[in-house]
Amino acid sequence: MASTEEDFPRGGTVKTTQPTKPEKSHVEVDNLFETRAPEVKKKRKSTNQQDEEQNAKKGKKTKEDSLKLNTASSVDILHLKDLKVGTLLLACVKEVTDFEIVVGLPSGLTGYLPVTNICESYNKLLSEKLDSGENVEDFASLPHLFSPGCVVRAVVSSLVESREGHVSLKVSINPKEVNKALTSGSLKAGMTISGCVESIEDHGYLIDIGLSGTKAFLPKPSAKAAKQELKLGQYLDCLLEDVKNEGRLVRLSVDPAAISEAVADADHGWTLSNLCPGLLVNAKIKKVTVHGLILEFLSSFTGLVDFMHIDPDKTSCYKNGEEVLARVLYVEPSTRQVGLSLRSHLLPPGGSVLESVQSERVGEVLHGCKVAAVHFHSGAILELPDGTKAFGHKNQLKEPKEPFNPSHLQAQAEITCRITDFSPLEQLHLISLRKSTIEAPFFRYNDLKSGQIVEGTILSLARFGLFVKVTDHIKGMVPRIHMADVTLTNPEKKFTVGNKIKCRVLSVDVAGRKLTLTRKKGMVESPLRVFATYADARVGRIGHGFVVCVKEFGCIVRFYGDVKGLVPLRELSTEHVTIPQQLFYVGQVVKAKVLQCDAENEKLLLSFRAVLEGETEGQGQANKPVFNFEIGKNVEARVVGKVPGGLNLAILPEEAPAHLPMMHLSDHASNCPLLWEALQEGDVISDAVCLSKTKQNVILTKKPLLRACLERGAAATEFSGLQLGLELTGWVKNVMPYGVFVEFPHGLYGLAPKAAMSDRFVASTEGVFPMGQTVRAKVTNLDEEKRRFLVSLKASELSSPEEEGQERLTRGLQERKAATEMISGRDGSDVLQQLSLAVGSRLKLTVDELLEDASCSFSSDDLPIVSILASEHHLAGVTVTSGQMVKAVVLQVDPRTQQVHVSLLPTLLSKRKTLVSGSKHEAQILHIDGDFAVVSIGDTAHVTVVPLTAHLNETFGSESEQPKAGDTLRGQVIIVEPVSEALNGLPLVSREAGVSAKPHLSAAAAAAVARRERTISEGRGSLHSFRCGDVVTALVSAIKPMQVRLTLPGDVAGWAHVSEVLEEPEPGSFPTSTLKVGQEVQARVIGGRDVVSHKFLPISHPGFVYSQPVLSLLPRKVKEPVDRNVLEAGIKMDDLLPGQELTCYASKYISAIKCLEVAVTPKITGTVEVLAMTTNAKEAKRPEKLVKVGQAMKAKVVSVSTQPKRLFLSLTGTHTLSPGNVVIAAVSKVMPRVGLLLKLPFGGKGTASILDLLDSYVPNPLQQYSEDQLVRCCILEDNGKNKYHVSLRPSRTHPDKKLPITDAEVLSIEDLKESPVLQGYVAAVGDKGIFVRLSRTITGRVEYKKATNYYVKDHSLYSKHVAPDMLLTVKVLSVNSENSHVELSTLPADTGKADIIPESLRLPLRKRLEKKRKRKITESTVVEAPVEKKRKKKKKKPNAEDNDSGVEVYFREEDTESTEKDPAKVPASKSSTGPARLKVSAGFSWDTTLSSLRPATAAPDHQSSAEEEEEEEQPVEKKTQKKTRKAQEAESKREEEELRQQEAELMDPAQRPQSAHAFERLLLASPNSSLVWLQYMAFHLQATEIEQARAVAERALKTISFREEQEKLNVWVALMNLENMYGSEESLQKVFERAVQYCEPLPVYQRLADIYAQSDKIKEAEDMYKSMVKRFRQEPAVWQSYGAFLVRQGQSDAANALLQRALKSLSNKQHVDLITKFARLEFQHGDKERGKSMFDKVLTSYPKRADLWSVFIDLMIKHGSQQEVRELFDRVIHLSVAVKKIKFFFKRYLEYEKKNGTPDTIQAVKQKALEYVESKGVEEAS
């Protein structure tokens, strides 16, 4: 058997372990002595006694040597092989990341400090952050706690060797590990110690110093003095200032100066066992060696200083016996070796923070280095070319696997080395002489650049990518999508660990030491340029990248580094692409061409289409001519093509392509189509300038104003140059419903909102400005964040020099003339001659015919080609007939239609008068041609051309305002030049006031136009001649709710206030709505008001103010003569009296002050507070909805204040507060036990008693009220000083409604009668009883003897069960009107209500005094007469406390009786009461709170005074006659039977306790039984004692042992059930949170979810399950319970989706069981067919799982049909599984048929079994 076990051991083969060498045992000695391994004496064959004596001497000598101090004879540096777990080191922080810290250690070693090795409190905080997944308060990451250069005390925590042989050295600064050897008793003041912040308190910080029995406290003033903001987990070097209680309490200091100068002293009790690194010690040089110093410190300890820690300035100056100051570097506890440092940067005043921790020279290769010193066991010091020293470890001074040869090193004159690192503790560079290191192309991450080709070795293959080793110090990762050009499904088949691969660097994160590589062949082998920065991605270059995102608008392509660009939808392909996702995928390698690059903003625009079209780098640019584009540059261009929107040009001489939009041919929009038609291919344009540049063309402009603007230099070339008020020249780019967009040079766009488009009202933006019109704009708003700005196009806000208008006119006419010549020149010289007619020239014509539109056509022999027309207006006053010869004046020549428009007006054909410069004339419009108008100059018979608008931006409003032929120009024209060559001899004129014509309109329209266009130039004054008192006929021009605008004769605008429209308006009506626009009304001027014009400015233009008449439409003021002085004065506010009723009009509701502003007259306004607006509280909640602007209302004057002048009104019909008034009030304060403090209207304050709130009292009546709540109340009483008593009873506030009253008001004490039952609120619980408020003024008293049926000894119990403001039902016992005393009762017999003291307290019932007295009368016959007399005499004594409770009086009487009894009879009475006492097993516990309940114990022999009183309260049995022996025996037997019965009940475990005493006894026996505790809780709940049940649960949680986790969980679940049924959601949540803290979270979550589900709280249950699957996603039971819940709710689809989520979260081995359980749920509660399909899928994958088949069969038998069951059995018995399993299924098949089938089906099963056996036999035989 033994051999069998050896050959086939259980559990598999066991690896043969190599025999280990026996470890040398160490001998523990005192801390001051070292531990050495004892010598093992070899056994010698000789037994000579001399040899034995020698051996004994040797052993004695060895023992003596082992007890010496830590001596040392040689000095060496600290090697990695010398380190062990537990070695204490001084470390310097080099790099800090979120998860670990790189630290520099002595001798150039490097260690790693994980985030979990800081301290315990930081680990706890880190765990909370990970569990919650959110930011935790007070949590600070490692970069916030540590900074490079910090010096810390550390201990080696682990040394792990990797496969490559590298050792990973991890350290810890956890005080529990660093200060492990220290004890509380060893702490002394003045010691320095390391610690971490454990918690932040109010007055300081608790510091974790690693000692369990010590509390270390750092006061906040000390921390502030050190200028440190401490965070939880922060490392500190501390100085012990004060040590108390034998080291249990320590006060610390973190003053850097004090710590750096604190020297360790022998008095501190330092030993070699607890010596810490970082200590500053005074030492004496014991020996000077070549490799360092040997020091003696702390009187007897030996320390080593290696050559790297000797002060370089004093290397040759050290002598034996010299005293020095040294810092402890490291302590090796096992060998007792201590390292010290004499370097100045580690000694005072420094030592806590090192300045240099990194070096930029790392990786640098140096030539010409020299050996300064060689240390055979350590390495060598080299002198670099710049004179600095560097250290090379002996392993780095040779090639691997070669011995270190110091002689060969010293023989070399010059050495080439590479700096590999920098040691901060030694402040030395570390170098290497290895060729592989020197020749390595990449030594640091800084050496790698994006786009470089690198080779590496595969280290490992992970789910998210491939890890590659580039060098020993550099590792990179190839993301999964970059393993190949396509996404690999099984990358492990292509990549093997150890294989070498070639990659390309995608990005390098030097700070994070992260390298990302790509293996995509398209990128690795790409010959194209590498876009590593945006500067590399120049326009036109092509490069390879990969798709990182595919959206509807295009693809985002990434190159190298962080260079990314967008390929818009139009540039994805040469074909139209609708859905980019169908063509591109993430990770796809693409070739893209750069279209645009903004390196500053890191924006890149790319194109795939340009690459597909065959363009290469520079193609297009090479073929395109080189043109030096510059905005504003003048160019000549040749027209190469005409397109509908403009002209295609070629800039000369470069032939660069350009485009001139049609709208940029002229400043005049009407000239642009004419010029476009005139220009033809081949024509040369010489006055164009460059405006912008696109990918294909240069955009040019010919707009003269833009050319002039660009020649002067644009006012702003970028957004930053814009300023408010800046005027710019641009053109209309786009017209939107909300405004127009204006484009300016240099790519600036501004928006002119609809309101800023014109000085006139703009109803629609369409047609106001034509596209491309040149405009001037003023910057009005700048949005710096979104880089947008708004402009104004209002002509009144812009400058417009008169010369600019004349220049515009001249240029426009010249453009027309040139276009006419070009068009007519193409058709021949005749046409050119005929169309060269000048405006104003006179012709002789022949009338052809009169046309239908009343116009006339003419003909001329000199003009046979053109058509000559005259409109109806120009035939006025002239009679023409066909063939008649007439004279006409030329108005317009249209070269496109070849038409000439003429006029036959006699005023134009008369003799022309001589014009004089400067003369003024009227001008009438004769003809309109686009932007120009031909006008006649007065009666001079001269005509000329003027611009239709005076300003570039001027617009016309409605169609009626558009100028027409026959209109007169407003203002006169001034002759500038009588004959102007620029106008072909026509006069050049200027106008006084704009171009807008005054059309022939109706009177109303004309008045409106004149009013809107009035220019105020007179300054302050009146534009009318109306005086106060004048009666005028006015025209209603506009109607508003508060005013009516009127037009008076002479186009004067007037204004009528709403109060001057109707005499007596109906309340709620709108007086202004009775008028209509255009209606003529009679009005009287009653005053005037000043109105400012749009040109008014307070400082620069203060004069633009004019007077507007104020009118009245009231018949009594219009028809009857009124004194002018009375009209001007009107009603004065001082004349108004409180209570006066007047009519006012709603103006606006001001929510800030909660007041309605109303207007009484044009000059008087008032305010109505919201409380005076209505008496309906619901309406007052939204006061702005109560009235509308302009609505008439009746109001009463409340008051008129003088300073400031204000009128206060009321709309409720009352202006004062008096008893009986019903008003609205606002709750200003809710006062418990008192009532409400209210804010009343008109500045009043009111109080509402708690009994004046409702007609039917309810518990907690104040709960429904809150501050600022509006309520309806009735004034009850005026207390003076504007203070009132009010009532909120509905019967008071709605007296007209007969509302039911349950609790009537008690107005006076006379209203109270004896015996009525009523309700009141508890006012107080005092010594004399319970005081109950019956009304605001009446309070009654309930004496304690009338309060409860129970005897209550401690009156404080009343205050615990009868709370203030508690609603009580009382009965009036007596009423004393004289002293206003009302006696009440709350006894259940009087009120019919439950007792105020709960039955659960198990208090004894009070025995009535009357019953006692009756009993005394019956017993008086057997009591001795003297005693009776004395007793009666005692009773007749007057009692000073008659008003006390009856219980106390009765007890006092019993006390007196007991004192008067015969001493001989007292023992007899005691013996008679003895048996009664035996029935009580224990005294009663009088504790009133359940939390203080204790198990009842047996009563002691000596009863307390309270027990004696209780006994005295019981009926005193008097011995009436002597009992017979038989009666005594019967009585004793009866008592014994009762005792036996009680004992049996106590012994019966099945007997459920029926009282609290019984439960307490049971809990003494089973304190850890949750069943007993739950029964105890149920006992209280049956008595509706919720608080007692809660208290029992809390006791249970405190009592049950912490080891009984399940028992505690049961109590928690019961408590959650209790809170769910009787508590609130908040209380339930608190219990749940506590339960999660003290129990395993998962069961608590599951139980609460079940509780929610069972109580039909579906939403809460679902929320709980959702949180469970997030927190416990790895637990299959959570998914199953959630699925069961969903299926039971009928959400099968949701359950199926949940299953899919679960399968993603759980491991594969758990999938089968979970799917099976979900399928069972479908069978039981959901869709049976779905359950079947789920089982089928599982069993298809796992056909040999007999357990699953068995479950499936059970479910089908229960839920399926017989046919389905039989089909399932037939499937099972044909499975290819073991015969044993098939036999089991055949048995089940046969049992099923015997139970549910027929003999035939039974026989069929047997036949199938037989066939199966035969088939198996054949198989075995074959």
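Before reading on, note that the structure itself is shown above.
The model shown is predicted, which means the values in this text are computed figures rather than measured ones.

Conventions and cut-offs
Along every chain, residues carry numbers that run from 1 in the direction the sequence is written. Per-residue local features are limited, in this predicted model, to residues with pLDDT of at least 70; the limit for side-chain atom pairs, both in listing and counting, is 80 or more; totals at the level of whole chains, interfaces and linings are taken over all residues. Excluded from the side-chain calculation are hydrogens and water; included are all heavy atoms of the structure. Salt bridge, as used here, is a side-chain nitrogen of Lys or Arg placed within 4 Å of a carboxyl oxygen of Asp or Glu. Secondary structure elements follow DSSP: runs of H or I no shorter than four residues count as helices, runs of E no shorter than two count as strands, and numbering proceeds from the N terminus. For each residue, the accessible area found with a 1.4 Å probe, counting protein chains only, is set against the maximum for its type, and the residue is called buried under 20%, exposed over 50%, and partly exposed in between. Note that patches include only residues with greater than 30% relative accessible area and no salt bridge, and the join distances are 9 Å for like charges and 5 Å for nonpolar side chains (Val, Leu, Ile, Met, Phe, Trp, Tyr). The Shrake-Rupley method, run with a 1.4 Å probe, gives the accessible areas here. Residue values count only the displayed protein chains as cover. In summary, the pairing rule links any two rings of Phe, Tyr or Trp, Trp by its six-membered ring, whose centres are within 6.5 Å, and it sorts them by plane angle into stacked for under 30 degrees, edge-to-face for over 60 and tilted for everything else. The criterion is that NZ of a Lys, or CZ of an Arg, lies within 6 Å of the ring centre and within 35 degrees of the ring normal, and then a charge sits over that ring.

*Asks:* Which residues make up the pattern of salt bridges, and what values do they have?
*Replies:* The final tally for this structure, using the stated rule, is 45 salt bridges. The residue Lys176 makes a salt bridge to Asp208 at a minimum N-O spacing of 3.5 Å. Highlighted residues: Lys176 in helix H5 (residues 175–178) and Asp208 in strand S7 (residues 204–208), separated in sequence by 32 residues. Exposure remark for Lys176: the relative accessible area of 41% places this residue in the partly exposed category.

*Asks:* Pulling in residues and values, what's your account of unusual backbone geometry?
*Replies:* Glycine aside, residues mostly have negative phi angles, and peptide bonds mostly take the trans form. Here the amide bond leading from Pro348 into Pro349 is cis, since omega sits at 5 degrees, within 30 degrees of zero. Take Pro349: it is sitting in the loop between strand S16 (337–341) and strand S17 (365–375). The step from Leu652 to Pro653 runs through a cis peptide bond, and the omega angle for that step is 0 degrees. When you line up the elements, Pro653 lands in the loop between strand S33 (646–652) and strand S34 (656–661). Of note in this structure, Arg336 is not a glycine but carries a positive phi near 60 degrees. The class for Arg336 is buried, based on a relative accessible area of 6%. Despite not being glycine, Glu602 has its phi angle at roughly 55 degrees, a positive value. Looking at where Glu602 falls in the secondary structure, it is placed in the loop between strand S30 (589–598) and strand S31 (603–607).

*Asks:* Give a description of a nonpolar patch on the surface that names residues and reports values.
*Replies:* A contiguous nonpolar surface patch, about 290 Å² in accessible area, is contributed by Leu80, Val85, Leu159 and Val167. Since its relative accessible area comes to 34%, Leu80 is described here as partly exposed.

*Asks:* Tell me what's going on with the packing of aromatic side chains, and back it up with residues and numbers.
*Replies:* Evaluation of the coordinates by the stated rule reveals 24 aromatic pairs. On the basis of an interplanar angle of 75 degrees and a centroid distance of 5.3 Å, the ring pair of Tyr1645 and Phe1672 is categorised as edge-to-face. Residue Tyr1645 is located in helix H35 (residues 1641–1654), and its partner Phe1672 is located in the loop between helix H36 (1658–1671) and helix H37 (1676–1688); the two are separated by 27 residues in the primary sequence. Accessibility assignment for this pair places Tyr1645 and Phe1672 in one class, buried. Look at Tyr1665 and Phe1685: their rings are 5.1 Å apart centre to centre, the planes differ by 35 degrees, and that puts the pair in the tilted class. Residue Tyr1665 is found in helix H36, and its partner Phe1685 is found in helix H37; the two are separated by 20 residues along the sequence. Under the relative-accessibility criterion, Tyr1665 is labelled buried at 3%. Of the residues examined, Phe1685 reaches a relative accessible area of 3% and is grouped as buried. An aromatic cluster of at least three residues, connected via ring pairs, comprises Phe719, Phe744 and Phe789. Over the ring of Trp676 we find Lys642; its NZ or CZ atom is 4.2 Å from the centre of that ring.

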